[in-house]
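An overview of the molecular structure
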Amino acid sequence: TGIPPLSSITTGDPAPASFTLSTTYQAGATPPISGAPSLPTCSYLILFAADWPALDQNPPTNSSEVEEWMTELDGFDIPDLDPTVDGSCAGDPEAAADAANRGWWTCGGYTRDTDITSCPDKLTWGMSFDDGPSPNSPTLLKFLSDNHLTSTFFVVGSRVISYPDILRDEYMSGHEISVHTWSHPPLTKLTNEQIVAELGWTRKAVQDVLGITPTTMRPPYGDIDDRVRAISLAMGLVPIIWTRDKEGNQFDTNDWKVPGGVVTAEQSVQAFDDILSNATTLDTGFIVLEHDLFPQEVDLGVGYFLESALKFTPRLTMKPIGACQNWPESNMYLETTTNTTFPYPDSNAVKHASAVASARATATAKSTGSSSGSSN
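Residues numbered from 1 in each chain as written. Predicted model: local features only at pLDDT ≥ 70, side-chain atom pairs only at ≥ 80, totals over all residues. Heavy atoms only, no water.

The line we're drawing: UniProt positions are given in the numbering used here, feature names are shortened, and annotations may be inferred rather than shown by experiment.
As named in an unreviewed UniProt entry, the chain is chitin deacetylase, taken from Schizopora paradoxa. Recorded in UniProt under Catalytic activity (unreviewed entry), the annotation for the chain is "[(1->4)-N-acetyl-beta-D-glucosaminyl](n) + n H2O = chitosan + n acetate". We quote the UniProt Cofactor (unreviewed entry) comment for the chain here in full: "Co(2+)".

1. What about the nonpolar core?
Stated precisely, the cut-off is as follows: Here, nonpolar core means buried Ala, Val, Leu, Ile, Met, Phe, Trp, Tyr and Cys residues that are tied together by side-chain atoms lying within 4.5 Å of each other. Three exposure classes are used, based on accessible area relative to the maximum for each residue type with a 1.4 Å probe and protein chains only: buried under 20%, partly exposed in between, and exposed over 50%. Segments assigned H or I by DSSP are reported as helices when at least four residues long, segments assigned E as strands when at least two residues long, and all are numbered from the N terminus. Whether two residues are in contact is decided by their heavy atoms: any pair within 4.5 Å suffices.
Within the largest apolar cluster, 90 residues are counted, with the highest numbers of intra-cluster contacts made by Trp125, Tyr171, Ile177, Leu210, Phe286, Leu300 and Leu306. For this core, the element with the highest residue contribution is helix α8 (residues 192–210), accounting for 9 residues. Ignoring any residue separated from it by four or fewer positions in sequence, one finds Leu210 in contact with Ser38, Leu39, Pro40, Leu167, Arg168, Tyr171 and Ile177.

2. Topic: the packing of helix α10 (residues 265–279) against helix α11 (residues 295–311)
The angle between the axes and the distance between the axes are what describe a pair of packed helices. Selection rule: Fitted lines through C-alpha atoms serve as axes, helices being fitted only where they are in contact, and the angles separating the N-to-C directions of these axes extend from 0 to 180 degrees. These descriptions rest on fixed angle ranges, namely under 35 degrees for roughly parallel, over 145 for roughly antiparallel, 65 to 115 for roughly perpendicular, and the rest for oblique. Take the far helix as the reference: if the near one is turned anticlockwise from it by less than a right angle, the crossing is left-handed, and if turned clockwise, right-handed. Classes in brief: Ala, Val, Leu, Ile, Met, Phe, Trp, Tyr, Cys and Pro nonpolar; Asp, Glu, Lys and Arg charged; the others, Gly included, polar.
Between α10 and α11, the least distance of the axes is 10 Å, while the angle of their chain directions is 25°. The angle between the axes of α10 and α11 places the two elements in the roughly parallel class. Between α10 and α11 the crossing geometry is right-handed. Seen from α10, the contacting residues are Ala265, Ser268, Val269, Phe272, Asp273 and Leu276; seen from α11, they are Leu300, Tyr304, Phe305, Ser308 and Ala309. Looking at side-chain class alone, the contact of α10 with α11 contains 8 nonpolar, 2 polar and 1 charged residues.

3. Considering the pattern of salt bridges
As a working rule, side chains carrying opposite charge can pair if their charged atoms are close by. Operational definition: Salt bridges are defined as contacts in which a side-chain nitrogen from Lys or Arg sits within 4 Å of a carboxyl oxygen from Asp or Glu.
Enumeration over the complete set of coordinates arrives at 9 salt bridges. Across the pair Arg102 and Asp225 runs a salt bridge, and its minimum N-O distance is 3.0 Å. Taken together, the positions of Arg102 in helix α4 (residues 99–102) and Asp225 in the loop between β5 (216–217) and α9 (226–234) put the pair 123 residues apart, joining distant regions of the chain. With its nearest N and O atoms 2.8 Å apart, the salt bridge here joins Asp130 to Arg218.

4. Considerations on unusual backbone geometry
Excluding glycine, residues mostly carry a negative phi; peptide bonds, for their part, are mostly trans. In this model, Gly132 is joined to Pro133 through a cis peptide bond whose omega is 0°. Assignment of secondary structure puts Pro133 in the loop between β2 (124–130) and α5 (137–146). Cis peptide bonds are those with omega within 30 degrees of zero, and the linkage from Thr313 to Pro314 qualifies with 5°. Turning to its location among the elements, Pro314 is positioned in the loop between α11 and β8 (317–320). The backbone of Asp56 shows a phi angle near 60°, a positive value even though the residue is not glycine. With respect to the element layout, Asp56 can be found in the loop between α1 (44–47) and α2 (64–70). Phi is positive for Leu123, which is not a glycine, with a value near 60°.

5. Observations regarding the packing of helix α7 (residues 164–172) against α8
Here α7 crosses α8 at 75°, and the two axes come no closer than 10 Å. As judged from the angle between their axes, α7 and α8 are roughly perpendicular. Each of Pro164, Leu167, Arg168 and Tyr171 in α7 lies in contact with α8, whose residues at this interface are Val206, Val209 and Leu210. Within the contact of α7 with α8, the residues separate by chemical class into 6 nonpolar, no polar and 1 charged.

6. Thoughts on the state of the cysteines
We count it as follows: When two cysteine sulfur atoms are found within 2.5 Å, that pair is recorded as a disulfide.
In this structure the tally under the stated criterion is 2 disulfides. One disulfide bridge connects Cys89 with Cys107, the sulfur atoms lying 2.0 Å from each other. Across the S-S bond of Cys89 and Cys107 the torsion is about -125°, and the bridge reads as left-handed. Pair noted here: Cys89 is in the loop between α2 and α3 (93–97) and Cys107 is in the loop between α4 and β2, with a separation of 18 residues, a long-range link. By relative accessible area, Cys89 is classed as partly exposed at 29%. Judged by its relative accessible area of 9%, Cys107 falls in the buried class. With a sulfur-sulfur separation of 2.1 Å, Cys119 is cross-linked through a disulfide to Cys324. With the S-S dihedral at roughly -80°, the linkage between Cys119 and Cys324 falls on the left-handed side. In this pair, Cys119 is assigned in the loop between α4 and β2 and Cys324 in helix α12 (residues 321–324), connecting sequence segments 205 residues apart.

7. Here we look at α7
The element α7 is largely enclosed, with a buried count of 8 among its 9 residues. Where α7 is concerned, the buried positions are Pro164, Ile166, Leu167, Arg168, Asp169, Glu170, Tyr171 and Met172. Residue Gly174 follows α7 closely and has a positive phi angle near 95°.

8. Quick word on the environment of Gln325
Residue position: Gln325 is located in the loop between α12 and α13 (348–368). Gln325 gets classed as buried once you look at its relative accessible area, which sits at 15%. Along the backbone, Gln325 and Ser118 are 207 residues apart, and their C-alpha atoms lie at a distance of 8.4 Å. Each residue touching Gln325, except ones within four places of it in the same chain, is listed here: Ile116, Ser118, Cys119 and Pro120.

So, in structure tokens, the structure goes:
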């Protein structure tokens, strides 16, 4: 209901009225994951917004926070690869020619064993949405709730501190939360320090709002090579991309191209139909690229992609990406994982996250007493 016809989902459309959140979760509320700390208060995000980097811009690298996060790379073998020119094959022909050695996913789809690109079980869709949270996310969240579905949300740090209540709703509704950088740049074009800043500030934003630290990340545009991988893993973040079939076709709906007028809504739906057809030929499950930033993306997702998937024959199993890997849900966050090898047992990030979570839990307990729950 309320989903426009494909011909009306075009660039420049006014944003439709989004569903409002049905529940506002308060500090001290108990998350759905066993062992997770209670929700912290995040009111200071507004009061002290100056403490955060500028929204949607590469964070500075000379802050005390970035200096601290850089120590997490100590002891890890970070490949000495020059940054690419702009993260594209055409923009850096020299790097593109060496893509296989670099493990550059953008040029040639090269992956490593540490990359998650599919689900192990055939006809299982590891669902995810990128670039939020946004004012359009509640529409998607309502559809997922109504259909008893959960997903992985790859969140942008700048939007986490802009829409903390929406992020809380995602997390408290049982969706998985993962890192998608602070300002959404191609990561291979950045220096080591810039990559650390992009990941670190997003990780911190999520932890400050939810009290937990993700153990996974998705590089914007899928732009990852061995240097970006090593930095991500050293910071306790397992890379997740999306599926390519044997012919190299990406499982990309191209929904992100619709708001800009590069692709029509009809073409995006056709791309998703092709994805479902190709998925039946795989020996494994699959992961698809979708977004929840712009209204056109959400309209396509809830009105067309998800509806088609729910009616698809043969029947699909639809899960968040961590769940489709058969990981315990506790593995998705440093504060709750009991697997000492996920992602690395000696990561400084694990020690730091545990210390911060313990301090925050103590402070929350003192400020809220024994009260917890949510207000409708």
